[in-house]
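Topology and contacts: notes
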Amino acid sequence: MSSIVLSDVRKRYAGGPEILHGIDMAIDPGEFIVIVGPSGCGKSTLLRLIAGLESCSQGDIVIDGKRANDMAPQDRDIAMIFQNYALYPHMSVRENIAFGLELRGIPKAERNRRAQEVARTLQLYPYLDRKPGVLSGGQRQRVAMGRAMARNSSTFLMDEPLSNLDNALRVAMRTEIKQLHRQLGATIIYVTHDQTEALSLADRVAVLKDGHLLQFDTPEAIYDRPANTFVASFLGSPAINFVDGEKTEGLENGTSVIAGFRPEALVAHDAEPAGPSWPARLLLSEMTGAEAILHCDTAVGRLTLAVPRKTMPNDPSQFWIGYQHTDALLFDRTTGDAMANNAR
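Since this is a predicted model, take the numbers as computed values, not measurements. (Residues numbered from 1 in each chain as written. Predicted model: local features only at pLDDT ≥ 70, side-chain atom pairs only at ≥ 80, totals over all residues. Heavy atoms only, no water.)

**Considering the sheet that holds strand β13 (residues 267-269)**
Stated precisely, the cut-off is as follows: Note on pairing: DSSP must find at least two bridges between two strands before they are called paired. Helix numbering and strand numbering both begin at the N terminus, where a helix is a DSSP run of H or I of at least 4 residues and a strand a DSSP run of E of at least 2. Orientation is described by lines fitted to C-alpha atoms, with helices fitted over the stretch in contact, and by angles between N-to-C directions that extend from 0 to 180 degrees.
Read from one edge to the other, the open sheet built from five strands follows the order β13-β17-β14-β15-β16, with strand pairing classed as antiparallel. The two strands at the open ends of the sheet, each matched to only one other strand, are β13 and β16 (301-308). Between one strand axis and the next, the sheet turns by 45° as a mean value, whatever way the strands run. In this structure, β13 lies alongside strand β17 (residues 319-322), joined through three bridges in antiparallel fashion. Paired with A268 across the bridge in β17 is I321.

**Here we look at the nonpolar core**
Put simply, the test is: The set of buried Ala, Val, Leu, Ile, Met, Phe, Trp, Tyr and Cys residues whose side-chain atoms join them within 4.5 Å is what this entry labels a nonpolar core. Residue burial is assigned from relative accessible area. The probe radius is 1.4 Å, only protein chains are included, and a residue is buried under 20% of its type maximum, exposed over 50%, and partly exposed in between. Contact between two residues is taken to exist if any of their heavy atoms lie within 4.5 Å; hydrogens are not considered.
Counting 45 residues, the largest nonpolar core has F156, Y190 and V207 as the members making the most contacts within it. No other element matches the six residues that helix α4 (residues 137-150) contributes to this core. If we ignore the near neighbours within four places in the chain, the residues touching Y190 are F32, I33, V34, I35, M158, P161, L162, I177, E197 and L201. Counting residues in each nonpolar core, the second largest holds 26 residues, with I23, I33, L47 and I189 among its members.

**Remarks on a negative patch on the surface**
Going by this rule: Only residues whose relative accessible area exceeds 30% and that form no salt bridge are eligible for patches; like-charged ones are grouped when within 9 Å, while nonpolar side chains (Val, Leu, Ile, Met, Phe, Trp, Tyr) are grouped when within 5 Å. Note on areas: Shrake-Rupley, 1.4 Å probe, and residue coverage restricted to the protein chains presented here. We define a salt bridge as a side-chain nitrogen of Lys or Arg found within 4 Å of a carboxyl oxygen belonging to Asp or Glu. Think of it this way: Lys and Arg go in the positive column, Asp and Glu in the negative one, and His and the chain ends go nowhere. Charged side chains are reduced to one point each, which is NZ for Lys, CZ for Arg, CG for Asp and CD for Glu.
The grouping of E220, D224, E264 and E291 at the surface amounts to a negative patch. Residue classification places E264 among the partly exposed positions, given a relative accessible area of 42%.

**Things to note about the packing of helix α2 (residues 93-103) against α4**
Keep this limit in mind: Crossing handedness is defined as follows: a turn of the near helix away from the far one that is anticlockwise and smaller than a right angle gives a left-handed crossing, while the clockwise case is right-handed.
Running from N to C, α2 and α4 point in directions that differ by 35°, and their axes come no closer than 8 Å. Two packed elements cross with a definite hand, and for α2 against α4 that hand is right-handed. Residues V93, N96, I97 and L101 of α2 form the contact with α4, whose own contacting residues are V143, G146, R147 and A150.

**Concerning the sheet that holds strand β6 (residues 78-81)**
Within the open sheet, the six strands sit side by side as β6-β7-β8-β3-β9-β10. Their pairing is mixed. Both outer strands of the open sheet, β6 and β10 (212-217), are each paired with one neighbouring strand and no more. Neighbour to neighbour, the strand axes of the sheet diverge by 15° on average, direction disregarded. Note that strand β3 (residues 32-36) and strand β8 (residues 187-192) share five bridges and pair parallel. Bridge pairing links V34 to Y190 in β8.

**Focus on the pairing of strand β11 (residues 241-244)**
Here β11 shows a clear split, with N241 and V243 buried on one side and none of F242 and D244 buried on the other. Relative to strand β12 (residues 257-261), β11 runs antiparallel, the two sharing four bridges. Within β12, the position partnered with D244 by the bridge is I258.

**Thoughts on the layout of surface pockets**
If you roll a probe as big as a water molecule over the atoms, it shows you where there is empty space left. Where we set the bar: For each structure, a 1 Å grid was placed over the protein atoms alone; sets of points admitting a 1.4 Å probe that cannot get out are labelled cavities, open sets with protein on both sides within 12 Å along at least five of seven lines are labelled pockets, and lining residues have an atom within 4 Å of a point. Grid points are joined across faces, edges and corners, and a volume is the space filled by probe spheres set on the points. Polarity classes work like this: nonpolar for Ala, Val, Leu, Ile, Met, Phe, Trp, Tyr, Cys and Pro, charged for Asp, Glu, Lys and Arg, and polar for all others, with Gly in that last group.
Put simply, the largest pocket is a space of about 550 Å³. As for the largest pocket, its lining consists of 20 residues, of which I78, A79, M80, F82 and R151 are closest to the centre. At the level of secondary structure, the elements contributing two or more residues to the lining of the largest pocket comprise β6, α2 and α4. Sort the elements by how many residues they give to the lining of the largest pocket and β6 lands first, with four residues. Tallied by class, residues from the lining of the largest pocket come to 15 nonpolar, two polar and three charged.

**So, the pairing of strand β14 (residues 277-287)**
Two strands pair when backbone bridges link them, and β14 and β17 are joined in this way by four bridges, in the antiparallel orientation. Looking at β17, one finds that S277 is bridged to G322. As paired strands, β14 and strand β15 (residues 291-298) are joined by seven bridges and run antiparallel to one another. Within β15, the position partnered with R281 by the bridge is D297. If you look at the hairpin formed by β14 and β15, you'll find three residues sitting between the two strands, and G289 has a positive phi there, around 120°.

The structure is reproduced here in structure tokens:
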């Protein structure tokens, strides 16, 4: 397990603009960190800097107390797993898993022992002598993970490892990766644009936008106390609702704020409730199992609710959406930054 500290890390390519702007992060040994953000925000670049595949323009990367800026990638005790698996098609699963060990000069008997041990852990043992071309996407991803595991690295860097899998396989592989983390105890830094992966896998989440680190905290804190409107809207499905503070009863300084309501915080009522509410008309409903997603037209704009199916309105043409002002996340209308009274 490695500790990794980034201090004022910046990246600029020759003749171009700065891509990463003063990233500060302190990662504890054995943590599962997920870096999330939209395409082009600098996620993969940051991962490559940690791996040593690219160099910082400014700032320091410290691994286990040692400045790693000038340290070669092979000396950082880091294994990297890419989204395209990077497997050798002419090699068997056994040979792919053991390839990194062969490069390090590990004797064949030890290479074979480690490959078999890793294959058992990843449920790949029956496929050791098969080529990657006959494996499923999930099995190929596990082979890529196995190659990293065989090296006994203290840190794993994963760059969009599940993006090439279908939804069912992504869900299954998320579970496997989480279980592997518990089993190995290694430090994992995982890059994705998928908010579900971020919230379900991470001990802490780093949210990047345009090369800036907007928030670095637990999934619960980021969801419940987002630092600004971007973080609030990027994480959460269905997305958060933003309402003009002037049109939201019970808010202090309503004229200077934007109020954010998570879809599950809003309630559909057949009759006008005693508390604050908005009249609404149903535009579309989506059944997701025990829950329904309601897309509604209201006087304050389009709102989305996530409600138990049993509580759907009887008359979709006229009902009320109730809320509690204590459920509102408040943001400065000018800057988009969270206001102090969100901390609860």
